[in-house]
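Report on the structure
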Amino acid sequence: MYRFLLTPRWWGINVFVVLAIPFCIFMGSWQLGRFEDRVQDHETATTQQESGRREAARPLTELLPVDKATVGKQATVTGRYDDQFLVPERKLDDRTGFYVLTLLRTDGGEALPVVRGWLPGEPDPARAPAPPAGQVTVTGSLQAAESPGSNGVSGRSGWPDGQTGSISAATLLNLVPYDVYDAWVTLNEGDSGMRAVPVSAPQNTGLDLKAFQNLGYTAEWFAFVGFVIFMWFRLLRRELELARDAELGLAPEDEQPDERRDGENGQNGESGESGGSGDKADGAKAGLVS
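Residues numbered from 1 in each chain as written. Predicted model: local features only at pLDDT ≥ 70, side-chain atom pairs only at ≥ 80, totals over all residues. Heavy atoms only, no water.

1. Some points on the packing of aromatic side chains
We apply this condition: By convention, a stacked pair of Phe, Tyr or Trp rings (six-membered ring in the case of Trp) has centres within 6.5 Å and planes under 30 degrees apart, an edge-to-face pair has planes over 60 apart, and any other such pair is tilted. A run of DSSP states H or I qualifies as a helix once it reaches four residues; a run of E qualifies as a strand once it reaches two. Both are numbered from the N-terminal end. Under the scheme applied here, a residue whose accessible area is under 20% of the maximum for its type counts as buried, over 50% as exposed, and between as partly exposed, the area being computed with a 1.4 Å probe on protein chains only.
Taken as a whole, this structure holds five aromatic pairs when the rule is applied. Look at F23 and W221: their rings are 5.6 Å apart centre to centre, the planes differ by 85°, and that puts the pair in the edge-to-face class. In this pair, F23 sits in helix α1 (residues 8-54) while W221 sits in helix α4 (residues 209-247), placing the two residues 198 residues apart along the sequence. With a relative accessible area of 45%, F23 lands in the partly exposed category. The interplanar angle of 55° and the centroid separation of 6.1 Å between the aromatic rings of F35 and F212 together place this pair among those described as tilted. Residue F35 is located in helix α1, and its partner F212 is located in helix α4; the two are separated by 177 residues in the primary sequence.

2. Focus: α4
This is how it is decided: Expected helix span is taken as 1.5 Å per residue step, with the number of steps being one fewer than the number of residues.
Between the first and last C-alpha of α4 there are 57 Å, a value that for 39 residues agrees with the 57 Å anticipated at 1.5 Å per step. Residues of α4 that are buried: A211, N214, T218, W221, V225, V228, L236, E239, L240, L242, A243 and A246.

3. A closer look at the nonpolar core
When a protein is soluble and globular, its nonpolar side chains tend to lie buried together. What counts is decided by this rule: Take the buried Ala, Val, Leu, Ile, Met, Phe, Trp, Tyr and Cys residues and link them wherever side-chain atoms come within 4.5 Å; each set so joined is a nonpolar core.
Formed by 17 residues in total, the largest nonpolar core has its most connected members in L60, Y81, L104, L112, V114, V138 and L142. Broken down by secondary-structure element, the contributors of at least two residues to this core are α2 (60-63), β2 (74-92), β4 (111-120), β5 (135-144) and β6 (183-187). In terms of nonpolar packing, the next biggest core, distinct from the first, is built from 16 residues, V87, L103, Y178 and V180 among them.

These results come straight from atomic positions and should not be treated as a statement about function.
Given below as structure tokens:
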């Protein structure tokens, strides 16, 4: 009854099942690993932010270049405030407002973007407090350069004069005639009555939509495993039912199993040949009689 499993069609089905199941398991495990890595990075970043506020501030040059190990660390730098920009469409406590970003020119000539605080509402240069004059020393949490379209950063272009959509050297170098550090600092306490901007998690470390997409893909791949197994048993059961019906003479000619159908076709061919020979013999006899 199970001889149909040796037919070419079932060989193809079985090979597909044998290859599909481990492939789906591998892909599901890989997506699950991606999700677990994001969870671990999120926990590490959160712990690092909390511990970074308690650590003593270090000179900025000791913390560069910024990476996952230095994001959130306390940095201190001395210089003079220069150009000031507004960063619109930034949320704080579910309210939309803007950052007040001022470039701090250091003795080396490079400028460090410093977010002095956040204000609610539409960006308005008249509402942004002027930076302190003269040489100042600032201390705040070190942040990595932003990329448009990630971590709530707007991907728009063509901002009005005095505004920028993201805080990065690539963006600011087009707005000022001097070099800019590819990092920025948010003050621990808001300047001139503004609210301090909290430290943001490094990119690709938060439990964002991408992280839960990895979890959803995990469920999909493992669901494919169950679907493949279910369909294989469904096809097997259908073939067995057809085989039983054929033995009882209940199956229609076009629904008989492949093996039985091939055998019957062979027998019919032989019967046709013998029938043709019989017809020829009868014709010969008729000729002799006449």
